[in-house]
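Okay, here's what each chain looks like letter by letter:
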Amino acid sequence: MKVYIEKINQYKNTKAKTVKELLEKLKINPTTVIVTRNNELITEEQKIKDSDKIKILSVISGG
Amino acid sequence: MSCKKCVEKPVIKLINSNKTLCKNCFIEYFEKKVKKTIADYNLIDKNDHIIVAASGGKDSITTLYLLNKIFSKRKDVKITALAIDEGIHGYRDKSLEHLKKFCKKYKIILNIYSYKKEFGKSLDKILKTYNGVPCSICGVFRRYLLNAKSRELGATKLATGHNLDDETQSIVMNYFRNSLNVSARLGPITGIIPDKKFIRRIKPLYFLTEKEVTIYSFLMKLLDKFNECPYNHDSYRGKIRDMLNDFEAKYPGTKHGIITTFIQLLPILKEHYKKSNYIKECSSCGEPSSQEKCKSCQYIDEVIKPTL
């Protein structure tokens with residue numbers, strides 16, 4: 001699965017069944033991000049599949 | 001899985017209640033919380049001119065959007081915006097563009113003041129010769145201008161986009177630094193003793209987490225592209241923020257716990273520091289200050305003037 005991480009402006013390849021698992025694998029604290037699938041917000045409990053377009057957006061202000 | 005209030009797809013699981021909410025129920029929850037904070041803490045009165053300190057970031061844009069939405073039809077409350085252009089190339093110029101477009105769309109008056117015009121130098125130029133912590137000098141100049149300019153513009157209160165995360169960071173920072181007197185100035189509405197020259201700050205997003213503000217601004221299409229200040233690294237606040245976020249991930253509800261406890265202590269702190277926290281006038285510029293000479297004038301004399 002190709003995942004876009006906004007804060008570092010990079011795509012990463014990984015495999016995960018849920019958002020929670022995805023964030024754990026990428027070592028991203030869930031309180032610091034929101035996750036979208038096809039530009040719609042999803043919660044940590046939701047299932048994801050390889051064909052989904054996943055974006056991880058930072059919630060922390062830039063200063 | 002569906003929203004606990006209806007049958008729609010959820011967008012968030014609330015930490016403090018474990019409820020899952022869909023888009024519309026979350027927007028309703030968020031706006032109700034802002035209105036409740038305004039009502040419970042009497043943040044806005046009749047005949048108030050509220051100036052929103054806006055940077056173009058999600059917190060200030062959300063504050064401006066909501067205050068405008070709630071009060072734009074009321075003739076007895078005026079909402080305008082004030083921005084400070086520190087002069088940070090590639091960062092502030094971009095966020096100010098977003099802010100200008102937003103204010104134009106919602107027909108909100110926006111006033112912008114720059115460090116270059118007010119102090120003689122942009123932050124980028126100041127930092128070429130100043131080796132101290134960028135956030136310290138920048139924060140002092142920004143707070144100075146926000147107070148002085150909002151007073152000049154006739155504000156009765158200055159609204160900021162501070163959220164629950166910002167406030168918990170400040171509380172913990174002050175605790176670690178043995179600065180309880182500074183914490184006494186925090187809360188949904190600041191100020192202990194009324195002062196003619198000090199414009200009271202109000203924080204309508206006080207009880208909403210940074211994540212909730214991001215979700216709201218995403219859903220309402222208020223969010224601009226991620227943009228990080230180039231000087232925002234290795235700050236003390238950043239370390240406290242990371243520590244609190246790590247703790248929050250392991251023990252959900254930590255930040256709400258800090259705020260709930262602090263709100264109960266705040267009246268005691270305000271009463272205790274009432275006498276020692278009185279506001280003086282700076283001997284040089286006349287602006288409100290806790291010291292003989294305000295920090296802004298100290299920086300101007302020590303950092304700006306020798307290099308002009």
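Whatever comes next refers back to the structure up there.
This report concerns the structure included in the present document. Just so you know, these numbers come straight off a predicted model, no measurement behind them.

Parameters and conventions
- Residues numbered from 1 in each chain as written.
- Chains lettered and ligands numbered in written order.
- Predicted model: local features only at pLDDT ≥ 70, side-chain atom pairs only at ≥ 80, totals over all residues.
- Heavy atoms only, no water.
- Disulfide = S-S within 2.5 Å.
- Salt bridge = Lys/Arg side-chain N within 4 Å of Asp/Glu carboxyl O.
- Helix = DSSP H or I, 4+ residues; strand = E, 2+ residues; numbered from the N terminus.
- Buried < 20%, exposed > 50% of the residue type's maximum accessible area, 1.4 Å probe, protein only.
- Contact = heavy atoms within 4.5 Å.
- Buried area = accessible area lost by both parts, 1.4 Å probe.
- Nonpolar A, V, L, I, M, F, W, Y, C, P; charged D, E, K, R; others polar.
- Expected span 1.5 Å × (residues − 1).
- Arc of directions from axis to C-beta.

## Remarks on the state of the cysteines
Now for step 1: A complete count under the given rule lists 0 disulfides over all chains for this structure.
Now for step 2: In this structure Cys103 of chain B is not part of a disulfide, and its nearest cysteine sulfur, from Cys138 of chain B, lies 20 Å away.

## Remarks on the pattern of salt bridges
Residues and elements named next belong to chain B.
Now for step 1: One pass over the structure, following the stated rule, counts 26 salt bridges over all chains.
Now for step 2: A salt bridge links Glu118 to Lys149; its shortest N-O distance comes to 3.3 Å. Highlighted residues: Glu118 in helix 4 (residues 115-119) and Lys149 in helix 6 (residues 134-152), separated in sequence by 31 residues.
Now for step 3: Look at Lys149 and you get buried, because its relative accessible area is 9%.
Now for step 4: With its nearest N and O atoms 3.2 Å apart, the salt bridge here joins Lys305 to Asp301.

## Looking at the interface of chain B and chain A
Now for step 1: Each partner contributes to the interface: chain B provides 27 residues, whereas chain A provides 23 residues.
Now for step 2: Between chain B and chain A lies a buried interface of about 2100 Å² when both sides are counted; carbon and sulfur atoms form 59% of it.
Now for step 3: The largest contributions to the chain B side of the interface with chain A come from Lys211, Phe218 and Phe226 of chain B, which together make up 31% of the buried area.
Now for step 4: The interface formed by chain B and chain A includes 2 salt bridges.
Now for step 5: We note a salt bridge from Glu40 of chain A to Lys9 of chain B, for which the minimum N-O separation is 3.2 Å.
Now for step 6: Counting only elements with at least two residues in the side of chain B that touches chain A, the list comes to strand 1 (10-13), helix 2 (58-71), helix 9 (210-219) and helix 10 (236-250) of chain B.
Now for step 7: If one sorts the elements of the side of chain B that touches chain A by residue count, helix 9 of chain B sits on top with 6 residues.
Now for step 8: Grouping the constituent residues of the side of chain B that touches chain A by class yields 11 nonpolar, 4 polar and 12 charged.

## Observations regarding the environment of Ile137 of chain B
Residues and elements named next belong to chain B.
Now for step 1: Relative to the elements of secondary structure, Ile137 occurs in helix 6.
Now for step 2: When the C-alpha positions of Ile137 and Tyr299 are compared, they lie 7.2 Å apart, and in sequence the two are 162 residues distant.
Now for step 3: Ignoring sequence-local partners within four residues, the contact set of Ile137 consists of Leu123, Ile126, Tyr130, Tyr299 and Val303.

## Quick word on helix 3 (residues 92-105) of chain B
Residues and elements named next belong to chain B.
Now for step 1: For helix 3, spanning 14 residues, the distance from its first C-alpha to its last is 20 Å, which sits close to the expected 20 Å at 1.5 Å a residue.
Now for step 2: When helix 3 is considered as a whole, its buried residues turn out to be Arg92, Ser95, Leu96, His98, Leu99, Phe102 and Cys103. Buried residues of helix 3, viewed axially, fall in a sector of 155°; they line one side. Of the exposed residues in helix 3, the ones pointing more than 90 degrees away from its buried face are Lys94, Lys101, Lys104 and Lys105.
Now for step 3: Contacts made by the buried residues of helix 3 are with helix 2, strand 4 (78-85) and strand 5 (110-114).

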